[in-house]
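Report on the structure
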Amino acid sequence: MSQSFRLALIGDYDASIPAHQALPLALDRAGRAVGHEIGHDWIETGGLVDPSAMLAGYGGVWVTPGSPYRNMDGVLAAIRFAREVEVPFLGTCGGFQHAVIEYLRNVLGQGEADHAESNPESSMPVIAPLVCSLVEKTGAIRFEAGSRLAEIFQGPTHEGYRCSYGLNEAYRPLLVESDMRFTGFDENGDVRAFELRAHPFFMGTLFQPERSALAGRDHPLITAFVQAIASR
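Okay, so let's go over this structure. (Residues numbered from 1 in each chain as written. Predicted model: local features only at pLDDT ≥ 70, side-chain atom pairs only at ≥ 80, totals over all residues. Heavy atoms only, no water.)

1. Considering the overall build of the protein chain
A tally of regular secondary structure across the protein chain gives 6 helices and 12 strands. Against the globule reference of 17 Å for 232 residues, the protein chain gives a C-alpha radius of gyration of 16 Å, in line with a compact fold. Projected onto its principal axes, the C-alpha coordinates of the protein chain cover approximately 55 × 40 × 35 Å. Taken across its 232 residues, the protein chain has 56% of its residues classed as buried. (Helix = DSSP H or I, 4+ residues; strand = E, 2+ residues; numbered from the N terminus. Rg over C-alpha atoms; globule rule 2.2 N^0.38 Å. Buried < 20%, exposed > 50% of the residue type's maximum accessible area, 1.4 Å probe, protein only.)

2. A closer look at helix H3 (residues 72-85)
Given a rise of 1.5 Å per residue, 14 residues ought to cover 20 Å, and the 20 Å separating the end C-alpha atoms of H3 matches this to within 8%. Residues of H3 that are buried: Met 72, Gly 74, Val 75, Leu 76, Ala 78, Ile 79, Phe 81, Ala 82 and Arg 83. (Expected span 1.5 Å × (residues − 1).)

3. A few points about the environment of Val 100
Along the chain, Val 100 falls in helix H4 (residues 94-106). Sequence spacing of Val 100 and Gly 155 is 55 residues, and the spatial spacing of their C-alpha atoms is 24 Å. Those residues in contact with Val 100 that lie beyond four places of it in its chain are Ile 127, Leu 167, Leu 175, Met 180 and Phe 194. (Contact = heavy atoms within 4.5 Å.)

4. Some remarks on the side chain of His 219
One can find His 219 in the loop between strand S12 (202-205) and helix H6 (220-231). Looking at His 219, the relative accessible area reads 6%, which means it is buried.

5. Observations concerning the pattern of salt bridges
One pass over the full model with this rule turns up 13 salt bridges. When the shortest N-O distance is used, the salt bridge between Arg 6 and Asp 41 registers 2.9 Å. Residue Arg 6 is found in strand S1 (residues 4-10), and its partner Asp 41 is found in strand S2 (residues 37-43); the two are separated by 35 residues along the sequence. Classification of Arg 6 by relative accessible area gives partly exposed; the value is 39%. Linked by salt bridges that have partners in common, Arg 80, Arg 83, Glu 84 and Glu 102 make up one network. (Salt bridge = Lys/Arg side-chain N within 4 Å of Asp/Glu carboxyl O.)

6. Brief notes about H6
Quick reminder: α-helices carry 3.6 residues per turn. Residues three or four places apart thus point the same way. Taking 1.5 Å of rise per residue, 12 residues should cover 16 Å, and H6 covers 16 Å from first to last C-alpha, within 8% of that figure. Counting buried residues along H6, 9 of its 12 residues qualify, which places the element largely inside the surrounding structure. All of the buried residues along H6 are Leu 221, Ile 222, Thr 223, Ala 224, Phe 225, Val 226, Ala 228, Ile 229 and Ala 230.

7. Examining the packing of H3 against H4
At a closest axis distance of 9 Å, the pairing of H3 and H4 adopts a crossing angle of 75°. If you check the angle between H3 and H4, you find them roughly perpendicular. Residues Met 72, Asp 73, Val 75, Leu 76, Ile 79, Arg 80 and Arg 83 of H3 form the contact with H4, whose own contacting residues are Gly 95, His 98, Ala 99, Ile 101, Glu 102, Tyr 103, Arg 105 and Asn 106. (Axes fitted to C-alpha atoms, helices over the stretch in contact; angles between N-to-C directions. Parallel < 35°, antiparallel > 145°, perpendicular 65-115°, else oblique.)

8. Quick word on the sheet that holds strand S5 (residues 114-115)
Overall, mixed pairing links the 3 strands, which are arranged S5-S6-S9 in an open sheet. The two strands at the open ends of the sheet, each matched to only one other strand, are S5 and strand S9 (165-167). Here strand S6 (residues 125-129) runs beside S9; their pairing, made up of 3 bridges, is antiparallel. From the neighbouring strand, Ala 128 faces S9, where its bridge partner is Gly 166. (Pairing = 2+ DSSP bridges.)

9. Examining the packing of helix H1 (residues 18-34) against H6
Direction vectors running N to C along H1 and H6 enclose 65°, while the axes themselves pass 9 Å from each other. With respect to the hand of their crossing, H1 and H6 are arranged in right-handed fashion. Here H1 contributes Ala 26, Leu 27, Ala 30, Gly 31, Ala 33 and Val 34 to the contact with H6, which in turn contributes Ile 222, Thr 223, Val 226 and Gln 227. Residues of the contact of H1 with H6, tallied by class, amount to 7 nonpolar, 3 polar and no charged. (Left-handed = near helix turned anticlockwise from the far one by under 90°. Nonpolar A, V, L, I, M, F, W, Y, C, P; charged D, E, K, R; others polar.)

10. So, the sheet that holds strand S10 (residues 180-185)
Ordered in space as S2-S1-S3-S4-S12-S11-S10-S7-S8, the 9 strands form an open sheet in which the pairing is mixed. Edge positions in the sheet fall to S2 and strand S8 (157-160), since each has one partner strand and no second. Here the strands of the sheet are splayed against their neighbours by 25° on average, with no regard to which way each runs. Relative to strand S3 (residues 60-63), S1 runs parallel, the two sharing 4 bridges. Across the sheet, residue Ile 10 finds its bridge partner in S3, namely Val 63. Relative to S2, H1 is tilted by about 155°, and along the sheet it contacts S1, S2 and S3.

Written as structure tokens, this is what we have:
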């Protein structure tokens, strides 16, 4: 009999958001692909008072699309927990954006790092409006040779988005020499994915891989994430 694992979906659930509709389907598909039963609990951000206690029993953490979150500080604390305790982590869309902020604040000491959507007056908007919105857009993604994402995808991919914010290129140099390695890029060379070198599985994508389930397809990144949870 296959083992059963549970992961925490961090986000403010909204049934009208396609990614939220897709997440349970994507997890079911990934669970079948690796031969394990994967359960999940939605954790609303407003309830993230003590993430280290709330998340201690979960095998993985996925910070989902749907920002701005009701409780940004709680989301950042949940990301920090997954990073420091080495729990498998995946951040998609808003999860990608907030993982970058968390890393800059708590690892690189950039306490002013912020999100222009939730704080338009920020002195350090590391996440800023994209030149061209990616709401309901798709595009090609290539991965850096030798990266873990390149190994997972085994070549370029074509992915869907629903976002208007991304990495502010002005702050990219702060991260170049860090453990947060940008390894996924669009056709223009803009950052679309990252991974942490020293973490067993800590990855973020601006695109939304979960939406593949709405088309009845498995996704290699989600399968790899679930495998990491099962292997932990």
